[in-house]
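Listed below are the residues making up each chain.
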Amino acid sequence: MPSDVKMEKKVEVSKKEEKPVSNKITAGHVHLSGCTGCLVSVADNYNGLFKLLDDYVDWVYDLTLADVRHVPEMDVAFVEGSVCIQDHEAVEEIKTTRKKSKIVVALGGCAAYGNITRFARGGQHNQPQHESFLPIGDIIDVDLYIPGCAPTPQQIRNVAVMAYLLLKGNDDQKKLAGNYLKPLMNLAKRGTTACFCDLMYDVINQGLCMGCGSCAAACPVRAITHEWGKPQGQRDLCIKCGACYNQCPRSWYSFDVMNEFEGIMDIIDGAMK
Ligand code: SF4
Ligand code: SF4
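What counts, and at which threshold
Residues numbered from 1 in each chain as written. Chains lettered and ligands numbered in written order. Predicted model: local features only at pLDDT ≥ 70, side-chain atom pairs only at ≥ 80, totals over all residues. Core = buried A, V, L, I, M, F, W, Y, C linked by C-beta atoms within 7 Å. Buried ≥ 20, exposed ≤ 12 C-beta atoms within 10 Å, placed from the backbone. Helix = DSSP H or I, 4+ residues; strand = E, 2+ residues; numbered from the N terminus. Domains from an automatic or database assignment. Contact = placed C-beta atoms within 7 Å. Near = placed C-beta within 6 Å. Nonpolar A, V, L, I, M, F, W, Y, C, P; charged D, E, K, R; others polar.

1. Topic: the nonpolar core
- In this structure, V79, V105, A106, A160 and C244 are the most contacted members of the largest nonpolar core, which totals 73 residues.
- Top contributing element to this core by residue count: helix α5 (residues 153-168), with nine residues.
- If you count residues domain by domain, this core takes at least three from each of domain 1 (2-191 + 257-271) and domain 2 (196-247).
- Ignoring any residue separated from it by four or fewer positions in sequence, one finds A160 in contact with A27, L52, Y56 and V57.

Now the structure itself:
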């Protein structure tokens, strides 16, 4: 299958019956403290999801969709939700996921930086003792972040195809996939340590801000306001949680990859036909 993927042109997808199942990567969805919105976003790929499952990915773990109770070995784990540290099973599950997965993806805002679960103070009807929630990167090493609440279906699909090329492709395909995934890997490397200054240097001062307001909406301590359509930060309030940086759609904009982006999109479009 990887040899069918052409760098400059559309992918020629070989007939299904010619494709051994072992050529697929294995992936799963690990559901921690999240609203299932990210999984809905996976499903919102509609026919694209069937194409992914037919040709590229064996979905081997998903408490919502599959009757598998223990985290298996996987190539790619898409983790939705943050980790409740009063829930020992959740802490164990994320550690096991790290041990058993080649690539761990923080899928969505809660896994990447805590998102709405940062506001939780316990007292939930069914789990009143659950009070403190950490993004998964505070507990394990994470390979890449897909930010967003929820991330777009296309973004999830693109990452799945690129993970396939990274693990199963030829050298050129691996390089291309690495380039596509690099900004998301850089986001994961930065983790939850970014502050408003990073957003200012990397996005606002670079002229990349489009005034969408996602950073202000994500800030758990209301350290960001909008003046004249642009974010203004109160640095003395900032607790350096990284929420604004992760949620900003321009923080992982990469000038390095920009030139290759059209070709990458052609490949993904071809792969999904
Ligand atoms: S406290 Fe607010 S401004 Fe500071 S890093 Fe977090 S989200 Fe950004
Ligand atoms: S999230 Fe990013 S693009 Fe949107 S207003 Fe904030 S800095 Fe600008």
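2. Considerations on the environment of I94
- When you line up the elements, I94 lands in helix α3 (residues 88-100).
- Each C-alpha atom of the pair I94 and K273 lies 34 Å from the other, and the pair is 179 residues apart in sequence.
- Beyond its immediate sequence surroundings of up to four residues, I94 is in contact with L32, V79, V83, I136, I139 and I140.

3. A word on the site of ligand 2
- Near ligand 2 you find 14 residues, and of these C209, C212, S214, C215 and C248 are the closest.
- The leading source of residues in the shell around ligand 2 is helix α7 (residues 196-204), at three residues.
- When the residues that make up the shell around ligand 2 are grouped by side-chain class, the tally is 10 nonpolar, three polar and one charged.

4. Description of the domain arrangement of the protein
- What the domain assignment lists for the protein is domain 1 (2-191 + 257-271) and domain 2 (196-247).
- Inter-centroid distance (C-alpha atoms) of domain 1 to domain 2 is 26 Å.
- Taken together, the contact between domain 1 and domain 2 spans 11 residues of the former and seven residues of the latter.
- Listing elements by their share of the side of domain 1 that touches domain 2, those giving two or more residues are α4 (109-113) and α6 (171-190).

5. Structural notes on the site of ligand 1
- Taken together, 16 residues lie near ligand 1, and C219, C238, C241, A243 and C244 sit nearest.
- Of the residues in the shell around ligand 1, the class split is 13 nonpolar, two polar and one charged.

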